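# Observations on the model geometry
Single-letter residue listing:
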Amino acid sequence: MPLLRRQLHSERLTGRAAPAVALSVRRRTESPRVVWRFSDGKPGHDNQSLGLVDALQRRTSIQSYDIPVQPGAGMHWLLGRFPAAALLPDPWLILGAGHTTHLPMLAARRARGGRAAVLMTPDLPKALFDICVIPEHDRPAPGSNIMVTRGSLNRMQALPVQAKDRGLMMVGGPSRHYGWDHNSVIEQIVRVIRFSPVRHWVLTTSRRTPPGFAERVRQTVFNRNLKLTIVNWRDAADPWLTGQLRRSCCAWVTEDSVSMIYEALTAGLPVGVLAVPAQRCDRIVSGGRKLAASRNVMMFRDWSKGHPLPRPQQVFDEANRVAERICRQWGRE
């Protein structure tokens, strides 16, 4: 089994240069702390774990390694070994997001030590991990190793608005939480473009966006002589999306795209939410409604009554907050 050993850089996941961060790295003279980051290869999960790695790097000297999830973690745990990282230095911190990372993380900790930080609610008992970073919409029970966050972690940093005439739209698609209505979403997009003071809009799709949706938007907006640039999701990974958020004065996101809503909130932008039909009133749907009730985001129906988009009422800086706790709790080990 080949061993993947390398210092973690975001461009090696995306094939592009890593974006500049808002906070400066604190240079330190001590030996770097070793972080093992487990990855299941899913961009949404990588965005969370990379967000925490970025935040740790802003606080202390670390050397981070990617470890792809591989089968056999249960047997490795029983035998007290972890051959996939046999040549790596012992970890100070082991972290991962996604259910398939949980058992490999525990096997690695049993074999090599360190602290295990799991992002999102684990399938396994929470007591098995040193810290569980769980979004508040999951309603976790209190515990000494539980840290509740406002949504999932991401790599964004709040920055001053650099443009007043540029807006960003991020479109998702049907999921197990939300359905989809082409006509309704397109009509909302058109009304935002027509009646907003923003002059230039950029719209990006996602993996879940139904085929043909972007073309229908293009034809509708073109026919009404409205300005809109559409970018396919394949061309909209980091650092493109990060750059767009930094250059935008506001963002509109479809209701199903929870992670993109939180990225825009972390960037400190006013956020509008384009409505899509809910499949059921579950924790995800309830969490989105709670954001609107707390005036951190505004639903399209309220904006269309003449209300301006509000800036977030809370600060969304969760990756930095989690990194601060980890460094405070285990920074001297």
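Scroll up a little and you will see the structure.
Quick summary incoming for the structure in this document.

### Some details on the packing of helix H2 (residues 43–57) against helix H11 (residues 318–330)
Contact geometry of H2 with H11 gives a least axis separation of 8 Å together with a crossing angle of 60 degrees. Relative to H11, the element H2 is oriented oblique. Here the hand of the crossing between H2 and H11 comes out right-handed. Contacts between H2 and H11 pair Gly51, Leu52, Ala55 and Leu56 from the former with Ala319, Asn320, Val322, Ala323, Ile326 and Cys327 from the latter.

### Looking at a nonpolar patch on the surface
A surface patch of nonpolar side chains, about 490 Å² in accessible area, is lined by Met75, Trp77, Leu78, Leu79 and Leu103. Here the nonpolar patch gets four residues from one element, more than from any other, and that element is helix H3 (residues 73–79). Residue position: Trp77 is located in helix H3.

### Observations concerning the sheet that holds strand E6 (residues 146–149)
Taken together, the six strands give an open sheet; going across it, the order is E2-E1-E3-E4-E5-E6, and neighbouring strands pair in parallel fashion. What marks the edges here is a single partner per strand, and that holds for strand E2 (62–68) and E6. Geometrically, the sheet is characterised by an average inter-axis angle of 20 degrees between neighbouring strands, direction not taken into account. With four bridges connecting them, strand E1 (residues 33–39) and strand E3 (residues 93–97) associate as parallel partners. Within E3, the residue paired with Trp36 across the bridge is Ile94. Packing of H11 onto the sheet brings it into contact with E3, strand E4 (115–119), strand E5 (131–135) and E6, and relative to E6 it is tilted by some 160 degrees.

### Overview of helix H8 (residues 258–266)
The element H8 is extensively covered by neighbouring structure, given that seven of its nine residues are classed as buried. Among the residues making up H8, those that are buried are Met260, Ile261, Tyr262, Glu263, Ala264, Leu265 and Thr266. One or two residues past the end of H8 sits Gly268, with phi positive at roughly 85 degrees.

### Some points on unusual backbone geometry
With a phi close to 50 degrees, Arg139 is a non-glycine residue in the positive phi region. On the secondary structure map, Arg139 appears in the loop between E5 and E6. At Arg295, a residue that is not glycine, the phi angle is positive and equals roughly 60 degrees. One can find Arg295 in the loop between helix H9 (283–293) and strand E12 (298–299). The exposure class of Arg295 is partly exposed, given its relative accessible area of 44%.

### Here we look at the environment of Gly113
Position of Gly113 relative to the elements: it lies in the loop between helix H4 (102–112) and E4. Taking the relative accessible area as the measure of exposure, Gly113 reaches 26% and is therefore partly exposed. Separated by 20 residues in sequence, Gly113 and Leu93 place their C-alpha atoms 8.7 Å apart. Sequence-distant contacts of Gly113, that is, excluding residues within four places in its chain, are made with Pro91, Ile94 and Ala108.

### Describing the pattern of salt bridges
If you walk through the whole model with that rule in mind, you get 13 salt bridges. Its salt-bridge partner being Arg112, residue Asp90 comes within 2.6 Å of it at the nearest N-O pair. Taken together, the residues Asp90 in the loop between H3 and E3 and Arg112 in helix H4 connect sequence positions 22 residues apart. A relative accessible area of 48% places Asp90 in the partly exposed class. Linked by salt bridges that have partners in common, Arg37, Asp46 and Asp66 make up one network.

Calculation notes
Per chain, residue numbering runs from 1 following the sequence as it is written. With pLDDT at 70 or above as the cut-off, local features in this predicted model cover only qualifying residues; side-chain atom pairs require 80 or more to be listed or tallied, and sums for whole chains, interfaces and linings still use all residues. Think of the side-chain values as coming from all heavy atoms in the structure, minus any hydrogens and water. For helices, the axis comes from a line fit to the C-alpha atoms of the stretch in contact; other axes are also lines fit to C-alpha atoms, and the angle between any two N-to-C directions lies between 0 and 180 degrees. For the purposes of this entry, the term helix denotes a DSSP run of H or I that reaches at least four residues, the term strand denotes a run of E that reaches at least two, and both are numbered from the N terminus. Note on terminology: angles under 35 degrees are roughly parallel, angles over 145 are roughly antiparallel, angles of 65 to 115 are roughly perpendicular, and the others are oblique. Left-handed describes a crossing in which the near helix is turned anticlockwise from the far one by less than a right angle; the clockwise case is right-handed. A contact between two residues is defined here by any heavy atoms of the two lying within 4.5 Å. Only residues whose relative accessible area exceeds 30% and that take part in no salt bridge are eligible for patches, with like-charged residues grouped when within 9 Å of each other and nonpolar side chains (Val, Leu, Ile, Met, Phe, Trp, Tyr) grouped when within 5 Å. Only the protein chains shown count as cover for residues, with accessible areas throughout obtained via the Shrake-Rupley method and a probe of 1.4 Å. When a carboxyl oxygen of Asp or Glu lies within 4 Å of a side-chain nitrogen of Lys or Arg, that pair is called a salt bridge. Any two strands are treated as partners once DSSP identifies two or more bridges connecting them. Partly exposed describes any residue whose relative accessible area lies between the buried limit of under 20% and the exposed limit of over 50%, with all areas from a 1.4 Å probe on protein chains only and scaled to the type maximum.

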